[in-house]
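Chain by chain, the residues:
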Amino acid sequence: MTNQANSFPFPGIPTTSDGAGGVVWVETNITHGACAYPITSSTTMGTGYETEVSNGKQNLWGDTLTFVQPESEHSAATTCEGFALAGGRVTNFTSGQGLVLMKEVLYTISGKRLPIVFHIGARALTSHSLNVHCGHDDVMSVSDCGWGILFGRNAQEACDLALISRRAAEACETPFMNVQDGFLTTHTIENILLPELDFLKAYAGDPNGKLRCLFDPKNPMMTGVVQNQDSYMKGKIAQRHFYDQVPGAVQEAMDEFFKNTGRRYSMVDCYRMDDADYAVVGMGGMMETAQVTVDYLRAEKGLKVGVVHVTCFAPFPATQLVAALQNVKACTVIERMDNPLAQSNPLSQGLRAAFADALTGLSYGSNGEFKYPAITRIPKIYACSAGLGSRDVRGGHFISLVKNMLAEKPREYSVVGVKHSLALVDGEDPDLRPEGAFSMRGHSVGGFGSVTTNKLIAGFVGELFNLHVQAYPKYGSEKKGLPTTYYLTVADEHIRTHSELNYVEFIPLNDVNAFNLGNPLEGIAQEGSIFIQSPETDPAAVWRGIPVYGQKIIRNKRLKVYYLDTVKIAKEIATDADLQQRMQGVCLVGIFIRVTPFAARSGMGDEQVLESVEKYIRKYFGKRGEHVVQENIKCVREGLKSVMSIPEDIILNGAPAAKAKEEVVFAK
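Note that the structure is predicted; figures quoted are calculated from it, not measured. (Residues numbered from 1 in each chain as written. Predicted model: local features only at pLDDT ≥ 70, side-chain atom pairs only at ≥ 80, totals over all residues. Heavy atoms only, no water.)

Participant: Let's hear about the overall build of the chain: which residues, and what values?
Facilitator: Assigned secondary structure in the chain consists of 26 helices and 24 strands. Judged by the C-alpha coordinates and their principal axes, the chain covers about 90 × 65 × 50 Å. By residue count, 58% of the 668 residues in the chain fall in the buried class. Counting only contacts in the chain whose residues sit at least 6 apart along the sequence, the fraction spanning at least 24 positions is 79%. Summing over all exposed atoms, the chain offers an accessible surface of approximately 27,500 Å²; the carbon and sulfur share of this is 52%. (Helix = DSSP H or I, 4+ residues; strand = E, 2+ residues; numbered from the N terminus. Buried < 20%, exposed > 50% of the residue type's maximum accessible area, 1.4 Å probe, protein only. Contact = heavy atoms within 4.5 Å. Areas by Shrake-Rupley, 256 points an atom, 1.4 Å probe, with all protein chains shown as cover.)

Participant: So what's going on with the sheet that holds strand β16 (residues 380–385)? Residues and values would help.
Facilitator: The strand order across the open sheet formed by six strands is β9-β11-β10-β13-β16-β17, and the pairing between neighbours is mixed. Bordering the open sheet on either side are β9 (268–271) and β17 (413–415), each of which pairs with just one other strand. For this sheet, the mean angle separating the axes of adjacent strands, direction not counted, is 25°. Inspection of the sheet shows strand β13 (residues 330–335) paired to β16 by six bridges, in the parallel sense. Bridging across to β16, E335 finds its partner in S385. Sitting on the sheet, helix α14 (residues 318–325) is in contact with β9, β10 (278–282), β11 (305–310) and β13, with an inclination near 175° to β11. Against the sheet, helix α15 (residues 346–359) engages β10, β11, β13 and β16, with an angle of about 145° to β13. (Pairing = 2+ DSSP bridges. Axes fitted to C-alpha atoms, helices over the stretch in contact; angles between N-to-C directions.)

Participant: I'd like to hear about the pairing of β10, residue by residue, with values.
Facilitator: For β10, a buried count of five out of five residues is recorded, marking the element as mostly surrounded by other parts of the structure. Of the two faces of β10, both are covered, the one formed by Y278, V280 and G282 as well as the one formed by A279 and V281. Taken together, the four bridges between β10 and β13 define a ladder with parallel strand orientation. Bridge assignment links Y278 to a residue of β13, and that residue is A330. Of the pairings in the sheet, the one linking β10 to β11 comprises five bridges and is parallel in character. Paired with A279 across the strands is G306, a residue of β11. Remark: the β10/helix α13 (residues 286–301)/β11 crossover connection has right-handed handedness. (Right-handed = clockwise from strand over helix to strand, strands pointing away.)

Participant: Which residues make up the pairing of strand β23 (residues 560–564), and what values do they have?
Facilitator: Counting buried residues along β23, four of its five residues qualify, which places the element largely inside the surrounding structure. Sheet topology places β23 next to strand β24 (residues 644–645); two bridges connect them, and they run antiparallel. Opposite Y563, over in β24, you have M644 as the bridge partner.

Participant: Describe the packing of helix α1 (residues 19–30) against helix α8 (residues 197–204), naming the residues involved and giving the relevant values.
Facilitator: Across the interface, α1 lies against α8 with an axial gap of 10 Å and an inter-helix angle of 60°. Remark: the crossing between α1 and α8 carries right-handed chirality. Contact with α1, carried on its side by W25, V26, N29 and I30, involves L197, L200 and A204 of α8 and no other residues of that element. (Left-handed = near helix turned anticlockwise from the far one by under 90°.)

Participant: Residue-level account of helix α20 (residues 566–573), with values.
Facilitator: Where α20 is concerned, the buried positions are T566, I569, A570 and I573. All buried residues of α20 project into a common sector of 95° when viewed along the axis, lining one side. Seen from the buried face of α20, the exposed residues on the opposite side, beyond 90 degrees, are K571 and E572. As for α20, its buried residues are in contact with β22 (524–533), β23, α21 (577–595) and α24 (626–642). For α20, the N-terminal capping position is held by D565, with its side-chain oxygen 3.3 Å away from the main-chain nitrogen of V567. (Arc of directions from axis to C-beta. Polar contact = N/O pair within 3.5 Å; in protein donor to acceptor, adjacent residues only side chain to side chain.)

Participant: Residue-level account of the nonpolar core, with values.
Facilitator: A general feature of soluble globular proteins is that nonpolar side chains tend to end up buried together. If you look at the biggest cluster of nonpolar residues, it comprises 53 residues, and the most contacted ones within it are L106, F118, V139, M177, F313 and L325. Among residues more than four places away in sequence, those in contact with L106 are L99, F118, V142, C145, W147 and M177. Listed in part, the 48 residues of the second largest apolar core include I189, A574, C587 and I593. (Core = buried A, V, L, I, M, F, W, Y, C linked by side-chain atoms within 4.5 Å.)

Here it is in structure tokens:
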């Protein structure tokens, strides 16, 4: 996907949002309703849609939106089926086990040619244990149900593909899944361009005149009747007429989208493949990390490596993949799942089959209408599993994959990111952020409001200072009351790294106990800054509370150390006891403004910045009432005006920390 100059009629409305928010924007404007039983990590899409329904929102053609929540995901899919049979434009949001529970109904939706779009927060399936984080095995488990499947890499693509999949679905009367990585995209705040309302209306078209009504509720007739030997196969094979139209419908939808927005999508997205000797192939957010790693390998190592992102998994882009990869010596297919009993994992299997067909002179499609390039050899196709359950996938892991392809005896199947006999040794871990990027890694406690605070900071920094942002926490329901981390990067250009931050300029320690759980200062830049939540007002006392190893890092890296008792501020301001804990996190917004360079660079005064912050406070807390909004603003103001720093002479000459604090055992 590329974003070109604003010479196109509908370049988009600039804002900051996560992938879920982009989907909600599209669907609440173009659909009649949603039927969903929200499940992590798709929940924010469902609740976002339901909120608009409760506000009485109408779609672009004046129809009041409907939201139906039955007792399970299976019933939600069935309700979507009935909604669509009656000519309604309907959507659903689901993940993981919820998607698998729907599988029986997914076949009937496609068999009845109902052009529904489901939005998936791709999630690892419960196998040996429960995991609510990212994996692609849920989507792959239903990939045989006759649905089109598109994968987005970031919030912008999740938003745009929601619209593209809708147009394609209705053009070929085939349902589609719009997939984004659970939490890693659904909940990550980034700069995006929302499609304008006029464009949504023209591109999607009025469903009231566009969709076929196959079921009249006032005169109900049975659908999906029993068919025996004489009929069933005829109906099943006849559906190829519709499926043969799907590739063209996808391409038309992508081409028309580009003409209007300047954002180009293809079924297969190639990056630096023109002269590539080696390639990494995959789907989802980690492939942006692969792109920036390839830039590093080319610039620093002179290696000709490219990246192929499979935007459209179904219909499978067999001929496009062969065309993209026919000249490489080897490629590695990296997938967020593992199916050891299969010939290969799904994407690897499809790619190998495509090359086998191409080499033997076969074609693709019911009538052989898609021709493969003429090839005389098949590149080595290696496979790798990574990122299961949102396991971190870093640039160093992609470097390992490339080194493996260059090795004398490469591993044909490997894993990265864990210690295992099949694992590749981690490569170097370079800083792959955009030049001049500023990153924050916060150490807090689940339930302290840090996640919302991080989103709030990303929102106003991105829009007020016209910068690119990326904000996300390390999610987990078990983290309430327990240590957690959150991340924010700010840069002048799009941030392509989708991984935990090891290189940072600012580290807030909302919980000082982080010093006793490892080294929270790892990776901080020279002359960076840290903030410590402390009840102390004497800077010498704050300094003494830092363990000796922390003091050494602070001295050696010449770090600035800020401190404030945000707990006390929250207790004094919050009239609702339940919000006191969360409001201490909101103080960090003001602290961020004070200790980071963005406000000073802009030339704006404190009050100008605070006015912008208020907009976002209303966005996140407005539903709780004006008094809560005002209390949050006070917390931000106090953080901005009251934060203190430890003088340099105390850092250089202050009393050492207590001996007990020094005896910390690090665990990585």
